Amino acid sequence: MTISPPQFGGDCYYFHFPNLFFYLRQTKLFAAMLIRKVCFFIFMVALSFSASAQNNVSLDYYLPKDVSYNPAIPTPASVIGHEVGEWHVTHDKLVLYMKAVAAANPQRIKLQVTGTTYEGRQQLLLTITSPSNQAKINDIQKQHVSLSDPLQSASLNTADMPAVLLMGFSIHGNESSGSNASLLTAYYLAAAQGPSIDKMLNDAVFLIDPSFNPDGLQRFSTWANQHKSKNLVTDPNSREYNEVWPGGRFNHYWFDLNRDWLPAVHRESRNRLQYFHDWRPNVLTDHHEMGSNSTFFFQPGVLSRVNSLTPGKNQELTGAIAEYHARLLDKIGSLYYTKEGYDDFYYGKGSTFPDVQGSVGILFEQASSRGHVQETANGILTFPFTIRNQFTTTLSTMEATVALRKTLLDYQREFFLNAYNEGKASAVAGYIFGDKDNTHNAEVLAEMLQRHRVDVKLLDKNMETGGLQFVSGKSYFVSTQQPQYRLIRSIFEKQLEYKDSLFYDVTAWTVPLAMGIPYAALNAATAKTVSAKPVTVTPGTTGQFAGTVNDYAWVLDWHDFEAPKALYKMLDAGLIARVATRPFSTEVNGKVQAFDRGSIIVPNQLQTKSRTEMVAILRDLAAHNNVKITGISTGLSSSGIDIGSNNAPSLEKPKVAMLVGDGVSATDAGEVWHLMDQRMDIPVTQLEIETFNRADLSRYNTIIMVSGRQSGLNKEKLREWIASGGVLIACEDAVQWCSRNGISQLSFKKIPAAISDSSKMLAYDTKSEIDGAQRMTGAIFRAETDLTHPLNFGFQQPYIDLFKTNSVFMKPSKNPFASPVRYGSDPLQSGFITRQNYEALKGTASVVVQTVGRGRVIHMADNPNFRAFWLGGMKLFMNAIFFGSTINAGSASAEDAGE
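Below or above, wherever it landed, is the structure these notes cover.

Rules used in this analysis
- Residues numbered from 1 in each chain as written.
- Predicted model: local features only at pLDDT ≥ 70, side-chain atom pairs only at ≥ 80, totals over all residues.
- Heavy atoms only, no water.
- Helix = DSSP H or I, 4+ residues; strand = E, 2+ residues; numbered from the N terminus.
- Buried < 20%, exposed > 50% of the residue type's maximum accessible area, 1.4 Å probe, protein only.
- Pairing = 2+ DSSP bridges.
- Core = buried A, V, L, I, M, F, W, Y, C linked by side-chain atoms within 4.5 Å.
- Contact = heavy atoms within 4.5 Å.
- Phe/Tyr/Trp six-rings, centres within 6.5 Å; stacked < 30°, edge-to-face > 60°.
- Axes fitted to C-alpha atoms, helices over the stretch in contact; angles between N-to-C directions.
- Salt bridge = Lys/Arg side-chain N within 4 Å of Asp/Glu carboxyl O.
- 1 Å grid on protein atoms, 1.4 Å probe; cavity = no way out; pocket = protein on both sides within 12 Å on 5 of 7 lines; lining within 4 Å.
- Points joined across faces, edges and corners; volume = space filled by probe spheres on them.
- Nonpolar A, V, L, I, M, F, W, Y, C, P; charged D, E, K, R; others polar.

## A word on unusual backbone geometry
Cis geometry is found at the peptide bond from Trp245 to Pro246, where omega equals 0°. Summarising the element assignment, Pro246 is placed in the loop between α10 (214-226) and α11 (267-279). Cis geometry marks the peptide bond from Gln299 to Pro300, where omega comes out at 20°. Within the secondary structure, Pro300 sits in the loop between β10 (296-298) and α12 (312-332). Backbone geometry at Trp254 places phi at a positive 65°, although glycine is not the residue there. Here Trp254 falls in the buried class, since its relative accessible area comes to 6%. Residue Asp681 is not a glycine yet carries a positive backbone phi of 55°. Here Asp681 lies in the loop between α21 (666-679) and β30 (684-688).

## Some details on the sheet that holds strand β21 (residues 544-546)
The strand order across the open sheet built from five strands is β21-β27-β22-β26-β23, with neighbouring strands paired in mixed fashion. Each having just a single partner strand, β21 and β23 (578-579) make up the two edges of the open sheet. As paired elements, β23 and strand β26 (residues 600-603) share two bridges and run antiparallel to each other. From the neighbouring strand, Arg578 faces β26, where its bridge partner is Ile601.

## Points about the pairing of strand β35 (residues 821-830)
Sheet analysis places strand β33 (residues 779-785) next to β35, joined by five bridges and oriented antiparallel. Each residue of the ladder has a partner; that of Ile780, found in β35, is Ser830.

## Regarding the nonpolar core
Phe433, Leu445, Phe492, Leu567, Ile629, Phe877 and Phe882 are the most contacted members of the largest nonpolar core, which totals 139 residues. Considering each element in turn, this core owes the most residues, nine residues, to helix α27 (residues 871-883). In this structure Ile629 touches Gln544, Phe545, Ala546, Trp554, Val555, Leu556, Met570, Leu618, Leu621 and Ala622, once residues within four positions along its chain are discounted. Core analysis: the second largest hydrophobic core is formed by 69 residues, Val67, Tyr187, Ile387 and Phe391 among them.

## Let's talk about the environment of Glu493
Tracing the chain through its elements places Glu493 in the loop between α16 (485-492) and α17 (511-514). Take Glu493: its relative accessible area is 30%, and that puts it in the partly exposed class. Placed 28 residues apart in sequence, Glu493 and Ala521 show a C-alpha to C-alpha distance of 9.0 Å. In this view, Glu493 contacts Tyr431, Thr510 and Ser830; residues no more than four positions away in its chain are not counted.

## Concerning the packing of aromatic side chains
Working definition: an aromatic ring pair is given by the centre-to-centre distance plus the angle between the planes. A full pass over the atoms with the stated rule returns 37 aromatic pairs. Here the aromatic rings of Tyr69 and Tyr187 are separated by 5.9 Å at their centres, their planes lie at 20°, and the arrangement is stacked. Placement of the pair is Tyr69 in strand β3 (residues 68-69) and Tyr187 in helix α8 (residues 177-191), with a sequence separation of 118 residues. Take Tyr187: its relative accessible area is 6%, and that puts it in the buried class.

## Re the sheet that holds strand β31 (residues 702-705)
An order of β30-β29-β31-β32-β37-β36-β35-β33-β34 is seen for the nine strands of this open sheet, with the pairing classed as mixed. One side of each edge strand has no neighbouring strand; the edge strands of this open sheet are β30 and β34 (799-804). The average angle at which neighbouring strand axes cross in this sheet is 25°, direction not considered. Bridge count between β35 and strand β36 (residues 845-852): two bridges; the pairing is antiparallel. Among the inter-strand pairings, Arg822 is bridged to a residue of β36, identified as Ala845. Each of β29 (656-660), β30 and β31 is contacted by α21, which is oriented at about 155° to β29, the strand it contacts most.

## Considering the pattern of salt bridges
Under the definition given, this model contains 27 salt bridges. Linking Asp256 and Arg249 is a salt bridge whose minimum nitrogen-to-oxygen distance equals 3.2 Å. Residue classification places Arg249 among the partly exposed residues on the basis of a relative accessible area of 24%.

## Here's the deal with the layout of surface pockets
Gaps between atoms show up when a probe of the same size as a water molecule is rolled over them. What the second largest pocket holds in volume is close to 630 Å³. Forming the walls of the second largest pocket are 29 residues, and the residues nearest its centre are Asp435, Gly516, Ile517, Pro518 and Gln797. Secondary-structure elements contributing two or more residues to the lining of the second largest pocket are β17 (468-470), α17, β34 and α27. Of the residues contributing to the lining of the second largest pocket, the split by class is twelve nonpolar, eleven polar and six charged.

Shown next, in the form of structure tokens:
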């Protein structure tokens, strides 16, 4: 008798003796006590033999028995060298098998490399369908995408069109049962034979992305495999089940790629979105893992937390597909749940983004074994079992997609037709956005919109609306009268009304606010006056240099987003640069030109390089960065400070270190790393706390402390470094750490109790909801700014929109100059916040600066770099890096701080 790995099903884990357990469950021949005893006995057998059973896992354990398999198709084991589930598949072996199976059955499978990750790993897409469909796949694709075009879709006959299912696996690298299940999925679709398979392949096109996060998968699989014992260890305390920081969940820059579908900051996301929009699948599956002590989840989730822009039909279809999952999971005896815990609100997630694209996104969450076989609250959980559940639900999704084929196709057509008509009837006929002084951010937003196949036009005539000026050639117009109307609304609208108070992710993401871009909603009459032309947007890399070798000095405009990048390259090249802390006007080519605070002055006479060398450097900087550099002919200003003023201090090249490691928020640290490395080309040293404690800190003039625990950090050493002239930038709950450990002196507002009257009896099952509602999942708030303060140089408006995901409510300093960014009495712009949290937030400081000896501590209660698309906050952060040491000591005196 063949013994398969232990199963998590029905009432216990058990070994699968053919038909025995199913028979016990389905009959009433045994008393309840006897059943429990049998289950306990089988459970103990599972504990005794789980390790050897897993090592003997085979394809028979996973595959349906009702079809035959083509022996000419290579099995996963024949290519990767081990059975599926025996080891965690590494990404290189995953790619190897996908290429092998595609080569073995080219009549069914087309494989393409869609791009590469930051670490150079290939991203793949397998397109699998019947040979007859594959022969005309381009025509099928073109016709399918036409369903999303209301001008073409009416003439399409969906009765004979194949549906499209995209199956995506393991966007979190350490949730690897998905990618391992993709091996089985590819083999099944390539090798399975029979009339039912032929019909399925004829009725659908199956797309497989075997790894949404190749770099994370490789990191995790290496960890799990290198800690696997011959005699498998089930103890959850074993190193195998406890990855070192940052773990395999994230991509190279420690980002959660499952939150990047909408902004698409990262390479992996952009490559994925390209084929998503090239196909517009009817169904997208997103295979994840959750805590080991849970079971298996599939959508629909909590219905009251579905985004209001998602049609009710979407959830009906999700529910209909769920019945197929339940039937197959019932068949193998797996426990599962639905309509709890997870939601479909934030459109940046993989299971929710399809919902605003006429598709049905489905989230699967499997209890994770983390390694190969682990003790859990529900018994022994094996890696092969987790893979089996994931593979089973790919089978159920295929079956459902084919069975609901025409319904799904008709729904997709109706979705875009209705969206187009809603856009035509909308009171908002379009949005206009742009910034004449910082064109970069508007270009990034325009490119993001076009990535999602939104029609964007460039203004060819100046326009004023809502008190804002929009300049020709630097501003953009987006009409709401287009198929992507609902997506456009989700990007531009502010949201303040909600059906529920609990959210799995953020509650707002209004992108123009995030990017710090002036924008306005236009009614029909105003939209008709817009003069704009079609454009394909690529963020510019060519700035403006207007100067000669004979200039007295050159000035870098600090309004530009990439100005910090250019400044660092100047300083790194050995140029001497000064920052104007006050505005000035001077002669440029015979005309007086005004320069704002924050302008970077490069005097000609102070340099060690020749004039020709300097001009070559500056010209090259302008050519490769979107910045403006202007030559001036005199040091005497017509107004404001002169070029040699003491109010234009010299700047030191930033030498930046960031605390990382166990306890530190990997995503927050990754956002800083990505900003510095990818956007600004500035090196940043990653300091583990143990390394910090023994390192020579004189190498650094700036240290960054993001959210998280700083356990074991030598606080006296840190304080001495600051006192000697260093700048510490502390974000989110790191500011509380600084206050608790005597680095700085801060006071915090307390949050009023959620329940004010403790004498009343409340329902027990409402506690989790009451507590959950108080959690700050993320909303947008407007803070007032002092534009004369160095931390706010480069901003044009006296406010900044920041994203808050914490309950850090700093009281403003008693020193009136030390809180240059603070919240007023009505700061909410978009998102959900409870009354108690809102009362605590009002009147607090987002930024407080304090002097410690000759150094500065810059406390930021919020995360200015949120998810790498909060461009508006990044300027604040970069100002802290470049100008922190220039902040007047008296304006940040700690003696006057706090209350």
